[in-house]
Amino acid sequence: MAAIYSLYIINKSGGLIFYKDYGSAGRMDTNDSLRVASLWHSMHAISQQLSPTVGCLGIELLEADTFDLHCFQSLTGTKLFVVCEPGTQHMEGLLKVIYELYTDYVLKNPFYEMEMPIRCELFDINLSQAIQKDRVALLGR
């Protein structure tokens, strides 16, 4: 069973710009993935406003019985989140690696238009390698 179920990247206005399914049991269609991304963006924004902690950056981890959702928000407002098996460790580090790949292969691509869906072969290749490397590291732990 895969440790990572899926990866989402949401732009600062809440639009889904990247979605990748990594073999979760119930695959979602495009509309469902758009709804999940929109719902997460809204929950994340509301949690920032309702938090009693000054300077709260929103929800970073959501734990459920059947999955964990780890979120990383960049300074520009772009959110990356991973849905994974419950109790999966070191997802924060993986999200930072994915963000570095995003900045290196998507944002530095002269043909990429900001806030648009990501269609970049080098990003896809390096992302697959990073996820595979993480899975191998998880097996070794």
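Residues numbered from 1 in each chain as written. Predicted model: local features only at pLDDT ≥ 70, side-chain atom pairs only at ≥ 80, totals over all residues. Heavy atoms only, no water.

Our focus in this paragraph is the pattern of salt bridges. Overall, the coordinates contain 2 salt bridges when judged by the stated rule. Taking the shortest distance from any N to any O, the salt bridge between Asp32 and Arg35 comes out at 2.6 Å. Of this pair, Asp32 and Arg35 both sit in helix H1 (residues 30-50), 3 residues apart, which is roughly one turn of the helix. What makes Arg35 exposed here is its relative accessible area of 51%. Among the ionic pairs, Lys108 bridges to Asp104, the shortest N-O distance being 3.2 Å. Classification of Lys108 by relative accessible area gives exposed; the value is 61%. Taking the relative accessible area as the measure of exposure, Asp104 reaches 39% and is therefore partly exposed. (Salt bridge = Lys/Arg side-chain N within 4 Å of Asp/Glu carboxyl O. Helix = DSSP H or I, 4+ residues; strand = E, 2+ residues; numbered from the N terminus. Buried < 20%, exposed > 50% of the residue type's maximum accessible area, 1.4 Å probe, protein only.)

The subject of this paragraph is the sheet that holds strand S1 (residues 4-10). Across the sheet, which stays open at both edges, the 5 strands sit in the order S2-S1-S5-S4-S3 with antiparallel pairing between neighbours. Edge positions in the sheet fall to strand S2 (16-21) and strand S3 (61-63), since each of these pairs with one other strand and no more. Averaged over neighbouring strand pairs, the angle between their axes works out to 10 degrees when direction is ignored. Note that strand S4 (residues 68-73) and strand S5 (residues 79-84) share 6 bridges and pair antiparallel. (Pairing = 2+ DSSP bridges. Axes fitted to C-alpha atoms, helices over the stretch in contact; angles between N-to-C directions.)

The phi angle at His90 is positive, at roughly 65 degrees, despite the residue not being glycine. Its place among the elements puts His90 in the loop between S5 and helix H2 (91-107). For His90, a relative accessible area of 46% gives the class partly exposed. Positive phi values are uncommon outside glycine, yet Glu115 reaches one of about 70 degrees. Topologically, Glu115 is positioned in the loop between H2 and helix H3 (121-140).

What follows covers H2. Each turn of an α-helix holds 3.6 residues, which means side chains three or four residues apart point in the same direction. Compared with an ideal rise of 1.5 Å per residue, which puts 17 residues at 24 Å, H2 spans 22 Å between its outermost C-alpha atoms and is within 8% of the ideal. Those residues of H2 that sit buried are Met91, Leu94, Leu95, Ile98, Tyr99, Leu101, Tyr102, Thr103 and Val106. (Expected span 1.5 Å × (residues − 1).)

Under the defined criterion, the tally for this structure stands at 6 aromatic pairs. With a centroid separation of 5.2 Å and an interplanar angle of 80 degrees, the aromatic rings of Phe18 and Phe123 are classed as edge-to-face. In this pair, Phe18 sits in strand S2 while Phe123 sits in helix H3, placing the two residues 105 residues apart along the sequence. Taking the relative accessible area as the measure of exposure, Phe18 reaches 8% and is therefore buried. Residue classification places Phe123 among the buried residues on the basis of a relative accessible area of 0%. These aromatic residues form a ring-pair network of at least three members: Tyr8, Tyr19, Trp40 and Phe81. (Phe/Tyr/Trp six-rings, centres within 6.5 Å; stacked < 30°, edge-to-face > 60°.)

Let us now look at the nonpolar core. Membership of the largest hydrophobic core comes to 24 residues, with the highest contact counts inside it found for Ile9, Tyr102, Ile118, Phe123 and Leu127. Listing elements by their share of this core, those giving two or more residues are S1, S2, S5, H2 and H3. Here this core takes 8 residues from H2, the largest share from any one element. Not counting residues within four places of it along the chain, the set of residues in contact with Tyr102 comprises Ile9, Ile17, Thr78, Leu107, Tyr112, Ile118 and Phe123. Grouped together as the second largest cluster of nonpolar side chains are 10 residues, Ile10, Leu16, Trp40 and Cys71 included. (Core = buried A, V, L, I, M, F, W, Y, C linked by side-chain atoms within 4.5 Å. Contact = heavy atoms within 4.5 Å.)

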